[in-house]
Amino acid sequence: MKTTIVLVGYMGAGKSTVAKLLAEKLAMPIVDLDKKIEESAQLSIPDIFAKQGEAAFRKLESQVLQESLQQTGIIATGGGVVLSKTNRDLLKDAWVVFLDCQGDVLVKRIFGDKQNIRPVVQNKTAEQIKGIYQERKPFYDEVASLTIDTSSLTVDEVVQQIIQAQQTIGYLGPVNSFSFQALKQVVDHQKVVEFASIPLCIDALLKEKLDFALVPIENSLEGSVHASVDRLYDQKECYVQAEIVLPIHQQLIGYDAKQIKKILSHPQALAQCQKYIEEHFPCAFLEPVQSTTAAVLEIAQRKDKSLAAIAGKQAAKFYQVPILASNIQDNDFNQTRFWILGKKHFDTSRLTTSEQKLTLYITLPKDSPGALHKVLAAFAWRDLNLVKIESRPQKTKLGEYFFIVDLQVNRPHILYQNAIEELEALGCVVQNLGMYPVLHHS
């Protein structure tokens with residue numbers, strides 16, 4: 001998250017109100033540039049213009065801006081801050097949000113705030129105000145790191161866009177992979193970064209190079225994605241923020257079905273289409289790659305008619321490689337669960353769902369007969385519904401496992417907390433990955 005955010009824009013764009021809410025959300029101080037100028041000059045801005053002239057005002061404005069940029073906080077600037085080349089040069093090294101507002105909405109806002117109307121627009125007509133805005137807009141565009149049209153947005157929506165624009169989310173790439181498609185269901189303005197593998201993506205999150213990571217966690221045909229499940233074991237830093245369930249439709253992609261000798265795809269995708277491959281290409285060599293989309297990219301680059309890929313329609317369309325056979329997955333109800341992971345809260349307001357889950361990793365006490373039965377009983381007598389239980393090796397020595405437990409969250413939260421406390425009293429080690437909403441994408 002940036003330590004200094006500068007808000008620029010013409011009068012009526014809402015800089016002050018946005019700065020106030022943004023500072024509250026991010027727990028950062030507000031730096032009101034105009035107030036600091038008035039304090040420095042011991043004059044109001046209209047009086048500075050009237051008594052000293054605009055050149056003196058711009059010089060003082062540049063001095064105050066330079067001082068303010070050294071501080072942590074939200075800087076709300078005046079509408080004409082970009083007119084000075086000195087100011088524009090200062091702002092080029094800052095993270096600047098241009099709060100845009102145009103046309104009749106802009107005029108209405110300016111004339112509606114008669115107490116704070118500036119000298120530059122006093123006695124101006126609506127068309128003259130629009131003209132001044134058009135003259136300044138190229139300067140706003142020049143310094144902007146982010147532009148938001150506030151004309152039809154609430155203050156809350158503007159602030160949310162600013163916060164999201166500073167967030168970075170990693171995913172298993174390349175673009176148009178199934179992970180990318182799942183990401184697009186929940187991401188609005190965040191920066192997305194592709195990774196060549198799931199462990200690399202999760203490691204970047206744990207090392208705080210990302211704010212969030214989206215990874216596949218389980219497929220309805222092939223079960224858990226072990227690269228995701230195992231990497232999350234025995235870490236206490238990140239939690240599941242949300243789950244996206246995405247239908248998976250696999251396509252055979254290539255140039256000539258009669259010449260195919262090798263089929264490339266992610267191991268999960270190859271397994272999901274095992275029956276189709278055995279029936280139509282029993283002699284084809286299967287080559288696992290990092291992702292389904294990476295397979296299509298290789299096909300597109302090599303143009304080798306003996307190669308084919310298994311991936312989604314979007315990847316075929318993006319790389320302009322023909323689809324030779326559609327929906328070749330072994331089951332028409334093929335779905336994959338994806339988790340959004342993070343150390344801090346992820347905004348899930350756009351997830352219109354009432355479904356919630358809780359995921360626990362549970363390590364049983366050693367040499368304790370009936371330990372798993374006691375664990376299950378802790379949930380059963382509280383009427384807590386288990387939707388999944390699976391064992392995974394701890395990767396210490398043979399015979400040592402931890403259990404992945406997913407619970408439906410439809411009971412008072414205190415019951416789940418009490419169940420966890422009972423498990424810990426039994427000697428279990430419980431890793432709580434959190435409660436999270438579940439979005440089913442059709």
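Residues numbered from 1 in each chain as written. Predicted model: local features only at pLDDT ≥ 70, side-chain atom pairs only at ≥ 80, totals over all residues. Heavy atoms only, no water.

### Regarding the sheet that holds strand S13 (residues 285-288)
Here is step 1: Taking strand neighbours across the sheet as the criterion, the five strands line up as S13-S12-S14-S11-S15 in an open arrangement whose pairing is mixed. The open sheet has two free edges, formed respectively by S13 and strand S15 (323-325), since each of these has just one partner strand. Strand-to-strand, the axes of this sheet are offset by a mean angle of 35°, without reference to chain direction.
Here is step 2: Of the strand pairs in this sheet, strand S12 (residues 262-265) and S13 are connected by four bridges, and their pairing is parallel. For Ile263, the partnering residue across the bridge sits in S13 and is Leu286. (Pairing = 2+ DSSP bridges. Helix = DSSP H or I, 4+ residues; strand = E, 2+ residues; numbered from the N terminus. Axes fitted to C-alpha atoms, helices over the stretch in contact; angles between N-to-C directions.)

### Here we look at empty space enclosed by the protein
Here is step 1: According to the stated counting rule, one finds one cavity of 30 Å³ or more in the structure shown.
Here is step 2: There is about 230 Å³ of room inside the largest cavity.
Here is step 3: As for the largest cavity, its lining consists of 17 residues, of which Phe178, Pro216, His266, Gln268 and Thr292 are closest to the centre.
Here is step 4: For the lining of the largest cavity, the secondary structure elements donating two or more residues are helix H9 (178-183), strand S8 (212-219), helix H12 (267-272) and strand S16 (335-342).
Here is step 5: The leading source of residues in the lining of the largest cavity is H12, at three residues.
Here is step 6: Class assignment for the residues of the lining of the largest cavity results in seven nonpolar, 10 polar and no charged.
Here is step 7: Viewed by domain, the lining of the largest cavity spans two of them, domain 2 (167-246 + 336-440) and domain 3 (255-325), each represented by three or more residues. (1 Å grid on protein atoms, 1.4 Å probe; cavity = no way out; pocket = protein on both sides within 12 Å on 5 of 7 lines; lining within 4 Å. Points joined across faces, edges and corners; volume = space filled by probe spheres on them. Nonpolar A, V, L, I, M, F, W, Y, C, P; charged D, E, K, R; others polar. Domains from an automatic or database assignment.)

### Overview of the pairing of strand S4 (residues 95-100)
Consecutive side chains along a regular strand alternate between the two faces of the sheet.
Here is step 1: Judged by how many residues are buried, S4 sits mostly within the fold: six of six residues are covered.
Here is step 2: Burial along S4 is two-sided: the residues Trp95, Val97 and Leu99 and Val96, Phe98 and Asp100 are all buried.
Here is step 3: Taken together, the four bridges between S4 and strand S5 (residues 146-149) define a ladder with parallel strand orientation. Note on S5: the bridge partner recorded for Asp100 is Asp149. (Buried < 20%, exposed > 50% of the residue type's maximum accessible area, 1.4 Å probe, protein only.)

Limitation: the analysis is restricted to geometry and does not speak to function.
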